[in-house]
Structures are given as C-alpha cells and as structure tokens.
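Per-entry structural report
Residues per chain are reported as follows:
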Amino acid sequence: MQKQLLAAGLLTIASQAMAETPVLTVLTYDSFTSEWGPGPAIEAAFEATCACDLQFVPAGDGAALLARIQLEGKASDADIVLGLDTSLIAAATATQLFAPHGKNPTTTLPVDFTDPTFLPFDWGWFAFVHDKTRLPDPPKSFKALAASDLRIVIQDPRSSTPGLGLLLWVKAAHGDQAATLWQDLSDNIVTVTPGWSEAYGLFLEGEADMVLSYTTSPAYHLIAESDDTKAAALFDEGHYMQIEVAGKLAATDQPALADQFLDFMLTDAFQSAIPQTNWMYPAVTPAAGLPDGFDTFRPTKSLLLTPGEAQAARDAALAEWQAALSR
Amino acid sequence: MASRAVPLSPAPALAALLLALVAAPLAAVAWRGAGLSLGPADWAAIRFTVVQATLSALISTLLAIPVARALARRDFPGRGLLITLMGAPFLLPAVVAVLGLLAVFGRSGVVNAGLQAVGLPSFSLYGLQGVLLAHVFLNLPLATRMILQGWRTIPAERIRLARSLGFGPWETFRHLELPMLREVLPGVALVVLVICLTSFAVVLTLGGGPAATTIELAIYQAVRFDFDLSRAAGLAGVQVLICAGVALAAWVVTRQAGFGAGLGRNTALDAPKGWRRVGDVGLLGLVTVFLLGPLLAVMLRGLPGLADLPPSVLPAAARSVAVALTSALLCSVAALTLALAAAMRPRPLIEAAATLPLASSGLVLGTGLFLIAQPFVSPMKLALPVTVLVNIALALPYLYRILLPEVRTVLADYGRLADSLSLTGWPRLRWVILPRLARPLGFGTGIAAALSMGDLGAIALFAGDRQATLPLVVSQLTGAYRMDAAASAALILVSLSFALFWAFDTGGRHAAA
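About the thresholds
Residues numbered from 1 in each chain as written. Chains lettered and ligands numbered in written order. Predicted model: local features only at pLDDT ≥ 70, side-chain atom pairs only at ≥ 80, totals over all residues. Axes fitted to C-alpha atoms, helices over the stretch in contact; angles between N-to-C directions. Helix = DSSP H or I, 4+ residues; strand = E, 2+ residues; numbered from the N terminus. Parallel < 35°, antiparallel > 145°, perpendicular 65-115°, else oblique. Contact = placed C-beta atoms within 7 Å. Nonpolar A, V, L, I, M, F, W, Y, C, P; charged D, E, K, R; others polar. Core = buried A, V, L, I, M, F, W, Y, C linked by C-beta atoms within 7 Å. Buried ≥ 20, exposed ≤ 12 C-beta atoms within 10 Å, placed from the backbone. Domains from an automatic or database assignment. pLDDT = per-residue confidence, 0-100.

**Describing the packing of helix α7 (residues 161-174) of chain A against helix α14 (residues 307-325) of chain A**
Residue and element names in this part refer to chain A.
- Running from N to C, α7 and α14 point in directions that differ by 95 degrees, and their axes come no closer than 10 Å. Relative to α14, the element α7 lies roughly perpendicular. Listed contacts from α14 to L167, L168 and K171 of α7 are A310, A313, A317, L318 and W321.
- Residues of the contact of α7 with α14, tallied by class, amount to 7 nonpolar, no polar and 1 charged.

**A short note on the nonpolar core**
- Counting residues in each nonpolar core, the largest one holds 271 residues, and the members touching the most others are V211(A), I219(B), L338(B), A339(B), L399(B), L403(B) and A489(B).
- Sorting elements by how many residues they give to this core places helix α19 (residues 383-420) of chain B first, with 19 residues.
- Counting contributing residues, this core receives three or more from each of domain 1 (2-123 + 242-282) and domain 2 (125-241 + 297-325) of chain A.
- Beyond its immediate stretch of four places on either side in the chain, I219(B) contacts A232(B), L235(B), A236(B), S361(B), L363(B) and V364(B).

**A word on the confidence of the model for chain A**
- In this model, chain A carries a mean pLDDT of 89, and residues with pLDDT of at least 70 account for 94%.
- Mean pLDDT in chain A bottoms out at helix α1 (residues 2-20) of chain A, which sits at 52, and peaks at strand β8 (residues 210-214) of chain A, which reaches 97.

**With respect to the environment of A233(B)**
All names here are of chain B.
- Along the chain, the position of A233 falls in helix α13 (residues 229-253).
- We classify A233 as buried; it has 30 C-beta atoms within 10 Å.
- The sequence separation of A233 and L26 amounts to 207 residues, and the corresponding C-alpha distance is 6.1 Å.
- Non-local contacts of A233, meaning those with residues more than four positions away in its chain, are made with L26, V29, A30, G33 and L36.

**Overview of the interface of chain A and chain B**
- Counting residues at the interface gives 42 residues for chain A, matched by 44 residues for chain B.
- Looking at the side of chain A that touches chain B, the elements with two or more residues in it are α2 (30-33), β2 (53-58), α4 (62-72), β7 (189-193), α9 (196-204) and α14 of chain A.
- With 7 residues, α4(A) is the single largest residue contributor to the side of chain A that touches chain B.
- Residue composition of the side of chain A that touches chain B, by class: 17 nonpolar, 15 polar and 10 charged.

Shown next as structure tokens:
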C-alpha cells in the first residue's frame with residue numbers, strides 16, 4: 001500500500017514536472033550527441049531560450065535514423081529527426097511520416113537546395129584525402145586515379161552514407177561511363193569498409209594512399225592536432241555534395257516547439273557550433289566566419305543529384321558497382 | 001525409485017524460453033515485413049558465407065588439435081599464463097582485432113617489412129586469405145582451450161592402464177585421444193563455424209569488396225538502407241536453418257568417448273621425447289608469437305592516448321562491467337541447468353536451444369525485440385535489460401559446450417555413488433557436482449562476461465541518451481576522427497574484458513586445484 005502511494009506520488013510529481021517543462025526529443029546520429037560533438041553546446045543554447053528540455057537521442061548512423069523512424073512509425077516519441085542526407089530524402093518523404101516545414105530560409109549553400117519537408121543544417125563535399133608527405137602529387141580526376149597504381153579505401157554504399165555518396169558522385173560525373181570507370185578503379189581499391197570510421201582508420205594506419213572522406217577532413221587534423229600534412233585532392237569533374245537535413249515528424253506532440261527548434265537551427269547559436277564539432281560546413285555561415293582550414297580545399301564545381309534523381313539512379317548504380325568490383 | 005532421484009528440472013522450460021527468444025523476434029520482423037523473401041544477390045552472399053565459415057572452422061579446429069595436445073602433455077614455465085592468454089584474442093571486439101592484425105600483417109606491418117627486406121613479394125591481408133587469417137586468430141585459441149578441456153576428461157585410470165600396457169604415442173593417440181576427440185571436436189567445430197557464419201565487421205573490412213558479402217551484411221543492408229524487413233527475415237531464417245543443419249550434423253557425428261567411470265583424478269599424458277618434443281616446442285612458440293603479436297600492437301596503439309580520454313569513458317565502463325557481470329552470472333546458471341539435463345540422455349530440444357541463439361543475427365534480434373516491446377513501453381527505457389537478455393542468449397552456447405563434456409564425466413564418475421547415498425537436489429549439486437565443475441565453470445563464465453563487455457549488436461536500437469556502454473563510446477570516438485582516443489578506449493575495453501575473464505578463469509582453476 002505504502003509503495004503504491006509512493007509510486008502514485010512520484011508519478012504526480014513527474015507528470016507535473018513534465019507539464020511545466022515540455023520535452024523536445026530529437027533523434028540523431030551517434031557522433032552528433034557525444035560530448036565532443038555539437039549536441040551539448042546546442043542543447044545548452046536552445047534550452048536557454050525555449051523553457052523546455054531538449055533531448056538528443058542517438059540512433060546509430062545516418063542510414064539507421066530512417067530505419068528507426070520507419071520501425072517506430074506514428075508511435076515514435078521523437079519530434080524531430082536530424083541527420084538524414086540528400087540521398088535519403090526521397091525515401092524519407094515517401095514514408096509520409098514527416099510534416100512540411102513551411103519555411104523559406106536563406107542559406108549559404110553553394111547550390112540551390114530547397115525541399116518542402118527537410119531543412120539543411122550543414123553540408124560538405126566528398127573528396128579523397130591523402131597525406132601530402134607521402135603523396136605530393138595527387139591525381140586530379142577519377143580517370144587519373146583509376147590509371148594510377150594508388151591504393152584507396154572506400155565505404156560500402158549498402159551500409160554507409162559516404163559510400164552511397166561516392167556511388168552517386170561517379171554517376172553524376174561520368175553517367176553512362178560509370179560502369180567502365182568502376183572497372184578501372186577496381187584494382188586501386190584495397191578494401192571496402194562498412195562505415196566511414198573503419199575506412200578512415202585504415203588510412204591513418206597507413207594501409208592506403210587515399211581514403212574517401214570530406215574536403216573538410218584536413219581541417220580537423222590542422223585545428224585539433226596541429227597537423228598540416230593531410231590534404232584533399234581536388235578533381236576536375238567536380239565534387240559531389242552531402243547536405244545533412246532535419247525534418248519535423250507529423251505525429252509530434254510538440255509541433256510549436258519543433259518549429260521553434262527548426263528556426264533556431266539556422267541561427268548563429270546552432271550554426272557556429274557545427275564547423276569544429278561536426279567538421280562540416282554550416283548551412284548559414286556564422287557572423288564570425290569559418291575557422292582556418294575550411295577554405296583551403298574548395299572545389300570550384302559542385303555536383304548534386306536531386307533527391308528524386310538520386311533515388312532513381314541508386315539501384316542501377318549499385319548493380320554496376322557490385323558487378324565491377326565482384327570480379 | 002530411480003526416476004524420483006532426478007529432481008524436476010527447469011531445463012525444458014528454460015530451453016523453450018531460449019527458443020522463443022530466437023524465434024519471436026524473427027517472427028516479429030517477418031510479420032512486420034509481411035513475409036519472407038530473398039533476392040538473387042542474396043544467394044551469392046549465402047554461398048560466400050558458408051564457404052568462408054567452413055574453411056575458417058576447419059583450419060581453426062584442425063590447428064587447435066596439435067596445439068592443445070602439446071599444451072596437455074608438456075609442462076613449462078609460463079604454461080598457465082599462455083593458457084590464460086589464449087582467452088584474449090577471442091574477446092577482442094572485431095574492429096580492435098583487425099587493427100591489431102594490420103599492425104602485424106598489414107601493408108606497413110611487421111611481416112611485410114620483413115618480406116620486403118629479403119626481397120619477397122608482399123602479403124595482402126585483403127581478400128579471403130585475410131578473412132581466414134583473422135578468423136583463425138580469433139578462434140584458434142578458443143578451440144584450443146575447448147579441446148584442452150577434453151584432454152582433462154580422460155580418466156587417470158585409463159592413462160595408467162595405457163602406461164602399464166606400454167603404449168607409445170601412436171597407441172595412446174588411437175585408444176585414448178582419438179575417442180576423446182570424437183566426442184569433443186564436433187562441438188568445437190560447430191561453435192567456431194557458427195561464430196564465423198555471423199561474423200560481420202571482420203569479413204567486410206578485410207574481405208576486399210562486394211564479392212565478400214556475408215548474410216549478416218545483407219541483413220544489415222536490408223534493414224538499414226532498404227527497410228526491406230521481409231528480406232531481412234528471409235536472410236535471418238536462412239542463417240538459422242544453416243546453423244540448425246550444422247548442429248544436427250555435429251550431433252549425429254559426436255560419439256561418446258565411453259571411457260567409463262574414473263575416480264575423478266587427472267594425470268598428464270606422457271611427454272614423448274625426440275622429434276615430437278622439438279615439434280611441440282616449435283608449434284607452441286609459433287602460436288604464441290602469432291597470438292601475442294597483434295595483442296601487443298593493440299596495447300602499444302592504445303597506451304599513448306590514455307591520459308586524454310574523455311570523462312564519459314568511466315561511467316560507460318562501469319555500466320559495461322555491471323552488464324557483463326549480471327549477464328555472465330545469469331548465463332552460467334542457465335547453461336549449467338541445460339547441461340545437467342542434457343548430460344543424462346540425448347535431448348534434441350535442449351541441444352537446439354543451446355545452439356541456435358548463436359546463429360541469430362544481432363540486428364534481427366534487436367529489431368524484433370524492438371517491434372515486440374514498442375507497443376507497451378518506450379524501448380529507450382529497456383536498453384540495459386534487453387542488452388543483458390541478448391548477452392545471455394548469445395553467450396550461453398559457448399558456456400553450454402564448455403560444460404557439457406565435463407558434466408557427463410562427473411555424472412559418470414559420481415552419479416551412481418550419489419544415487420546410492422540418496423544425495424539429490426541442492427546437496428547433490430553443492431557437494432558432488434559444483435566442486436568438480438569449478439574449472440570449466442570458471443572458464444565459461446569468464447568467456448560469457450568478456451563477450452558481454454564487447455557486445456554492441458542489439459543495444460544500438462535501444463540506446464538512449466545517458467546509457468552509453470563502452471563499445472558505444474569507442475564507436476562514437478571513431479566516428480568523430482578521434483582514432484587515438486578510440487584506440488585507448490578500446491584498450492580499456494579489452495583490458496576490462498580480459499580482467500573479468502582472468503578473474504573467473506583463475507578463480508575456477510584455483511577452486512579446482
């Protein structure tokens with residue numbers, strides 16, 4: 001009896017506390033929420049303005065986010081999903097679990113990107129990263145890379161978003177020639193890893209000359225480790241972009257708060273945390289500008305398939321890739 | 001009368017529960033995906049998976065026989081330490097093990113530096129050969145330890161009889177060792193084969209490309225990228241079927257050694273001299289170098305960053321240890337219950353329940369449990385209980401295999417004596433059985449604890465904000481460029497796993513001595 005009373009009392013207190021501070025649940029990828037990721041700073045900044053409790057929930061990597069939301073369906077506790085990318089937008093929209101944001105923000109992206117359901121929060125260019133001291137003259141195109149005897153590590157497009165990005169990059173740059181290019185590249189590929197971190201780890205251990213990563217990767221080494229030996233190779237074909245986006249769930253019980261967060265997402269308080277924690281370009285360049293190293297490797301040409309094009313190209317491109325590399 | 005001496009065992013209920021734990025998530029995923037299906041590329045994945053797992057199991061088990069034999073009949077300083085270290089590679093998280101192997105066999109590793117120096121072509125760690133090398137590195141020690149336990153089940157009476165009959169090494173092998181091996185080997189090969197069937201990160205990182213796609217990767221792709229749950233369920237079903245087939249084959253092939261009862265004493269086999277001695281020493285030396293090299297590399301890689309580790313490592317480590325201890329203790333109770341029930345007469349239900357969890361895909365298990373739990377309670381609140389449950393199911397098959405042969409021996413040696421003293425129930429367990437099982441129980445519980453430290457498979461879907469375990473922290477660190485900190489956190493993870501394993505294993509060996 002006493003225990004029941006205690007439980008009832010605790011429940012009342014808990015529900016009162018909940019009534020006083022609404023909770024906004026944001027589902028995102030693991031590294032966003034960790035203490036060296038953008039999560040903590042953004043949580044503090046938003047809670048200072050919203051009189052709410054912002055909770056980041058980690059759910060694996062970018063691709064896992066969408067699977068998680070599809071599993072949960074309308075019953076999800078999440079109000080916002082943050083961390084999908086352009087190649088997943090079409091699939092995410094098709095679930096009909098997301099609500100239109102109804103906003104028309106100004107961003108500093110190098111390409112036109114507007115989507116009725118998803119808002120961008122950061123972006124980057126895919127690139128092959130190498131060590132300048134070991135490879136002073138990197139190849140300047142996919143063709144040159146394929147013709148060289150350089151060894152590269154890439155990620156599997158079936159399990160990682162950079163891997164899928166590379167697939168779309170080759171498709172966007174070489175179209176009908178993509179299959180031939182993959183065949184020429186196959187003897188350069190040391191191995192294909194399940195995710196970005198395994199590939200980058202292999203590169204740092206000296207197993208490969210180049211690794212598929214981002215043009216901003218060298219900035220991490222420069223800023224966090226004072227190491228300026230890493231560089232990104234600029235390709236003549238242009239560089240494929242990854243735009244990371246967030247969207248509001250249609251079944252959210254905090255629609256007003258979710259809207260407030262999406263507005264906050266494109267303000268300085270959120271955007272200035274991005275470069276040195278997520279190592280990507282912020283969607284709106286902060287007033288204070290970008291840190292050193294973010295302007296060192298800037299491609300002049302950006303490639304990007306629309307979400308619909310990316311979705312349509314994916315299966316055929318995957319089959320080409322698989323056939324070329326299975327030999 | 002005799003049947004009353006057997007206490008009512010909870011084993012069948014436990015076995016049914018375990019089978020439900022394997023089947024229900026699979027069914028939930030299939031139900032949500034509205035059926036089972038397989039694509040054409042999946043058959044290639046199934047073929048590759050079976051080939052690499054069979055080869056890995058054959059090489060690991062066959063190599064383990066002479067190694068275990070050398071350990072069984074030779075005594076030398078450091079023997080105990082070497083046997084303990086045999087537990088280490090198996091406990092390494094796959095990603096850490098790969099980094100250790102790279103330092104030795106990789107492009108800029110020690111072996112290739114040596115080959116280059118003498119002008120030989122370099123060895124590539126990527127491709128089937130790399131996958132096999134990694135699997136042998138991870139599983140040879142486990143197989144050796146399991147087979148070594150087998151040597152201890154040969155009763156001292158038989159060894160003395162053999163000695164008085166003037167048996168040489170060949171006759172000893174034929175009449176004592178071969179029957180023992182026929183009892184132990186199928187189980188060992190089965191465990192290694194099933195581990196390699198579900199191996200994911202090792203195969204994908206060292207496989208070299210999409211030709212090395214395993215069933216587990218295809219499941220990952222189906223759930224994560226295509227959200228094709230019917231394909232995930234179809235693949236997971238195939239994986240369970242293959243495992244069930246192999247388990248059935250192992251069960252049919254296994255022959256009881258039939259040594260009859262002994263007095264529970266152990267005697268080491270005679271250690272032959274001459275070329276056999278040179279062979280044993282050489283083999284043990286080679287294996288030690290093969291196992292210690294990568295382990296040493298993992299240590300050296302992790303040491304420098306230890307001071308700069310983020311503070312979140314500590315609570316995560318404490319959480320992991322708590323999960324590991326709870327899982328290991330519950331798991332040993334469950335495995336002992338099943339082994340006691342199965343040791344008396346063949347029990348296919350128990351055999352299946354103690355083997356199939358190994359074959360279930362961690363991702364499908366997690367996804368299925370998530371689907372089952374979600375209508376009732378927020379999955380985030382269940383992260384730790386679900387982790388413990390999955391750890392118990394996944395570690396139980398090892399413990400069961402380790403315990404079973406020894407439980408049989410104890411019952412053969414003491415069952416009738418205990419019956420005649422009407423010693424049943426708890427007193428029988430406390431005074432007859434447990435003291436004689438201290439060694440395998442310690443070893444097995446140690447394995448279960450260490451495995452539970454490293455397991456990440458199922459928790460990923462459930463993990464909430466403040467429940468990160470150590471493996472999750474390692475993965476967060478590698479995802480944020482912090483490879484040095486990740487190597488240090490991994491070193492802590494490995495050290496804690498090994499410490500837990502060592503504590504249980506030595507505890508068991510001391511209690512037995």
